[in-house]
Structures are given as C-alpha cells and as structure tokens.
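# Survey of secondary and tertiary structure
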Amino acid sequence: MENDNGVCNMMIMLELNHCMPSPALSPASPCREMFVTLSISFLVLGGAIGLDNGLGKTPPMGWNSWNHFNCTITEKIVRATVTAIIEKGLDKHGYKYVNLDNCWAASSRASDGTIQPNPTTFPDMKGLIDFVHSKGLKFGLYSDAGYYTCGKRQPGSLGYETKDANTYAEWEVDYLKYDNCETDGSKPEVRYPVMRDALNKTGRPIFYSLCETGKDNVSLWGPKVGNSWRTTRDIGDYWDKMISRADVNADLWPYAGPGGWNDPDMLEVGNGNMTFEEYKTHFSLWCLMKAPLLIGCDITKMSDDTFKILTNDHVIAVNQDPLGIQGNRTKQDGTNEIWQVPMKDGTRVALAFNRGDSASDITIQWTDIGFPNSASVNVYDLWDDKKMIGKFTGSVTAKAIPSHGVAMYQVEPVST
Ligand SMILES: *[C@@H]1O[C@H](CO)[C@@H](O)[C@H](O)[C@H]1NC(C)=O
Ligand SMILES: *[C@@H]1O[C@H](CO)[C@@H](O)[C@H](O)[C@H]1NC(C)=O
Ligand SMILES: *[C@@H]1O[C@H](CO)[C@@H](O)[C@H](O)[C@H]1NC(C)=O
Ligand SMILES: *[C@@H]1O[C@H](CO)[C@@H](O)[C@H](O)[C@H]1NC(C)=O
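Here is what the cut-offs are and how they apply
Residues numbered from 1 in each chain as written. Chains lettered and ligands numbered in written order. Predicted model: local features only at pLDDT ≥ 70, side-chain atom pairs only at ≥ 80, totals over all residues. Heavy atoms only, no water. UniProt positions renumbered as here; feature names shortened; annotations may be inferred. Near = heavy atom within 4 Å. Polar contact = N/O pair within 3.5 Å; in protein donor to acceptor, adjacent residues only side chain to side chain. Areas by Shrake-Rupley, 256 points an atom, 1.4 Å probe, with all protein chains shown as cover. Disulfide = S-S within 2.5 Å. Helix = DSSP H or I, 4+ residues; strand = E, 2+ residues; numbered from the N terminus. Buried < 20%, exposed > 50% of the residue type's maximum accessible area, 1.4 Å probe, protein only. Pairing = 2+ DSSP bridges. Axes fitted to C-alpha atoms, helices over the stretch in contact; angles between N-to-C directions. 1 Å grid on protein atoms, 1.4 Å probe; cavity = no way out; pocket = protein on both sides within 12 Å on 5 of 7 lines; lining within 4 Å. Points joined across faces, edges and corners; volume = space filled by probe spheres on them. Nonpolar A, V, L, I, M, F, W, Y, C, P; charged D, E, K, R; others polar.

Looking up the chain in an unreviewed UniProt entry gives the name Alpha-galactosidase, with the organism given as Amphimedon queenslandica. Database annotation for the chain, UniProt heading Subunit (unreviewed entry): "Homodimer." In its Sequence similarities (unreviewed entry) section, the UniProt entry covering the chain states "Belongs to the glycosyl hydrolase 27 family."

For the rest of this paragraph, the subject is the site of ligand 2. Every residue lining ligand 2 is accounted for by Asp52, Asn53, Asn200, Gly203, Arg204 and Pro205. Between ligand 2 and Asp52 there is a distance of 3.1 Å, counted from an oxygen atom to a side-chain nitrogen or oxygen. Between an oxygen atom of ligand 2 and a side-chain N or O atom of Asn200, the distance comes to 2.3 Å. Look at ligand 2: alone it shows 360 Å² of surface, and the protein chains cover 54% of it.

Evaluation of the coordinates by the stated rule reveals two disulfides. Bridging Cys71 to Cys103, the disulfide has an S-S length of 1.8 Å. Placement of Cys71 in the loop between helix 3 (66–69) and helix 4 (75–88) and of Cys103 in the loop between strand 2 (97–99) and helix 5 (125–134) is noted, with a sequence separation of 32 residues between them. Assessed through its relative accessible area of 11%, Cys103 is described here as buried. Sulfur-sulfur distance for the disulfide between Cys150 and Cys181 comes to 2.0 Å.

Now for the side chain of Asp368. Position of Asp368 relative to the elements: it lies in the loop between strand 12 (360–365) and strand 13 (376–381). Exposure remark for Asp368: the relative accessible area of 9% places this residue in the buried category.

Strand order across the open sheet formed by six strands is 9-10-11-16-13-14, with antiparallel pairing between neighbours. Of all the strands in the sheet, the pair left with one neighbour each is strand 9 (328–333) and strand 14 (387–393). Strand-to-strand twist of the sheet, defined as the mean angle between neighbouring strand axes without regard to direction, takes the value 25°. Across seven bridges, strand 10 (residues 336–342) lies against strand 11 (residues 348–354) in antiparallel orientation. Across the sheet, residue Val341 finds its bridge partner in strand 11, namely Val349.

Our focus in this paragraph is helix 8 (residues 218–225). With six of eight residues buried, helix 8 lies mostly within the body of the structure. Of the positions making up helix 8, those classed as buried are Val218, Ser219, Trp221, Gly222, Pro223 and Val225.

Turning to empty space enclosed by the protein, a few remarks are in order. Scanning the entire structure with this criterion turns up one cavity of 30 Å³ or more. For the largest cavity, the calculated volume is near 60 Å³. Of the residues contributing to the lining of the largest cavity, the split by class is four nonpolar, three polar and four charged.

Written as structure tokens, this is what we have:
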C-alpha cells in the first residue's frame, strides 16, 4: 500500500499546485472533478510499475539499427550515427540510447561459450561502447530467449543467460532487447524472467526490453519482468502497418506506468514510405501512448522535416511526462477520433486524429478528455510551437485536419 500512499500524496500536491488560489474545492469545481478522475486512474494503475532496476521511469529514447539498416549494420555506421546524434543535438532532446539489433554477433560462440561480435562488421565492440559512453550516450544490444535469434542470424541466449548477462555487464551495456525466435516451445513467461534475474545479478542496471510480440497477454506479466514489452508484431514503414500497431497498443493503456511501458515497436519516422502528416501522426501517437521513442531512420541523412518531427520538445514532453499515464482513445466518430492523456501539471493533451481520406474539422469536447464542459481552458497547439489558440469553454474545433493528420492540443484549466 506504500504505492497508494505515494500516489495520494502526489495527487494532493497536484491539487494544491493547480487549483490554488481558489479556496476550498467546491464539489462542482473543475479541479475537484479532475482530482477525482485522476485519483481513480492512479489507483487503477497503482500496481503497474515495471521492473525494479531504477530504469525507465519515463519511456526510453534513442536510436535502434533495425528499421533502416537491418543486417547491413556495421560498427562504422554506428560510429557515424553517434557523431550525427551529437552534431544535430538529438541527445539534447532526450535521445540517449544507441541500440544494436539483430546481426551484431558472430555466427557461433567462442570455444568457452562466450558470445562474440562479428569480427568483420564489429571488429572492436568494446571500443565502440566506450566511444558511445564518451559522448554521454548509452549503449544497447540485442539477443533472444531461444537457441538462435530471429532468422538464425546469431546464437540466442537460451541456456546462456548468466554467461551473456555477465558479458554484457563487462562490456558496460545499458540496454538489452530480447527477442522470441527459435525457442524450445516453452512459454515466454517462463524464459524471460531467467534473463531478468541474470541481468539483475550482474549488479549493473540494464534496461530490459521484452520483444515477444504481445503473445500470452504480455502486458499482464511484462511489468514484473521488463522495463518495456512489445505488444505487437513488427512495425513497417507503411501507414496501415503503423496504425494497426497503434490500435493494438491503445487498448493496453492501463498496464503501462513508470518503470514499465507497452511497446508498439520502434519509430519509422524518416524512412520514406509515409507522408509528412503520417509521420507526424505516428510520432504524436507514440508520444501520447508513452511508447519507447527509438528512432529507426538513418540519422546521418535525416531530412529537415524528419528532424522537425523528432525534435518537437512539446510533443516529446507528453511522452516524458513524469505522471507516466498512457493516453487512450476516448471517442470514435467515423474516421474522426479523439485521444487524450492526463499530464502531471493538471493539464490534458488532446489529440484530434483524422483517419479519413480527406480533410476534416474535428471538435474536441471537454468531456472527451476528462474535463467538465463548464471548464474554461486555455488551448495550446503543440505542433505550432505551443502557441496559445485561445480560451474556450466546453469544446474547441480543430479546422481542416489533413487526411491521416492530427491536431495536438494541450488544454489547461483556468480559474474564472
Ligand atoms: C536492409 O537495409 C538496407 C540498408 O538500408 C536496405 O537497402 C535493404 O533494403 C534492407 N533490407 C530489407 C529486407 O529491409
Ligand atoms: C535487482 O533486484 C532488486 C530487487 O528487485 C533491486 O532492488 C535491485 O535494484 C536490482 N538490481 C539491478 C542491478 O537491477
Ligand atoms: C488473454 O486475455 C484474454 C482476456 O482476459 C483471454 O480471453 C485470453 O485467453 C488470454 N490469452 C492468453 C494467450 O492467455
Ligand atoms: C481513458 O483513460 C482515462 C485516464 O486517463 C480513463 O479515466 C478513461 O476511462 C479511459 N477511457 C477509455 C475509453 O478507455
């Protein structure tokens, strides 16, 4: 019940910060209602804290090699990526993890069973990791809870959990993505905790990212095992794939929280097969759903549009909000949707999303986002540099949202 007390204390702080200076809260005041709604959400979410290793209090941010480079990844590309992250200042926006995916290891273990880097593509793994750390960034690796990784590209960690965890800790790895191919057929909830415990025993905090594609209702047991868990099959750089992953992930909102996150897979922003509006929608949904923000494009060749999307600090702040509630969809009217998420400062973020094929006006009612209709609010446009659009009561209409596009507003109650 310690959690519940902490939650209540935090809620009282919130109430004080945001409902003052109005004297005592009258039962009908917007703040009262907000307080009650948020408290209920908190109690529901009280048990959903992830793995106890001190990591992932907000969703992880960084880059992963897979979506763009797949098995063509090399140490040279990773070094160039690190340099580009620093030159472009992506780290200043929060992107810290530099994560290798499949295909970094040699096809067989050393004679003593130690996992070894591919000598051609990763001739100096420890040097690379030290380079990443010297830039103030963190380093991630990939393995698998089976005999091989997916595509049988390299040995998996099944039966070698302790040996591999010790190797990673010795190399000073900060993050492990753990896949679910080529297994012995046992349930993932049996195999994944073995690596969790092996990582824990090394004494090095290593972010543990479960990648078992949502099987066996992973959101129910994932919070006890990892810092994040894949809820979907692989994403692809196509509108339909991206949006279907968002749809699967959306309903799982009650299971995420500080320390453990639902993971609808890595970002495709900048890979070229979606439009600017579609990538903005992709990023907005991932931020609102508290998804890990792992850039999946070639950062060394990133366009200005891609940069603009991935470095919008107002939208990133929604993802990194310390309250850690995953947003959800509260209204569907044909192809017009409203999504919302409560923020720690008492504001709410509303996303008006047009799934349709032509532009559409979308009206956000306060009741869609957990505020009473009588509330007066200031509305800020997060994709327009958080410019205030105006003060409204009851609702606000986002005009002419393009096909597959969004309007993302922060809504702040004001005392009248
Ligand atoms: C793998 O990555 C390379 C380099 O980006 C790309 O040319 C190739 O199409 C990718 N292959 C697959 C199967 O995605
Ligand atoms: C190992 O687990 C214990 C108990 O959950 C936790 O207190 C500790 O911080 C963990 N250590 C690491 C390195 O993850
Ligand atoms: C997942 O949960 C649903 C609803 O609780 C249940 O019907 C289903 O059998 C579960 N699936 C697995 C594989 O456990
Ligand atoms: C959406 O989440 C809020 C908490 O943020 C919760 O109160 C509400 O019931 C949820 N609505 C749906 C439709 O899941």
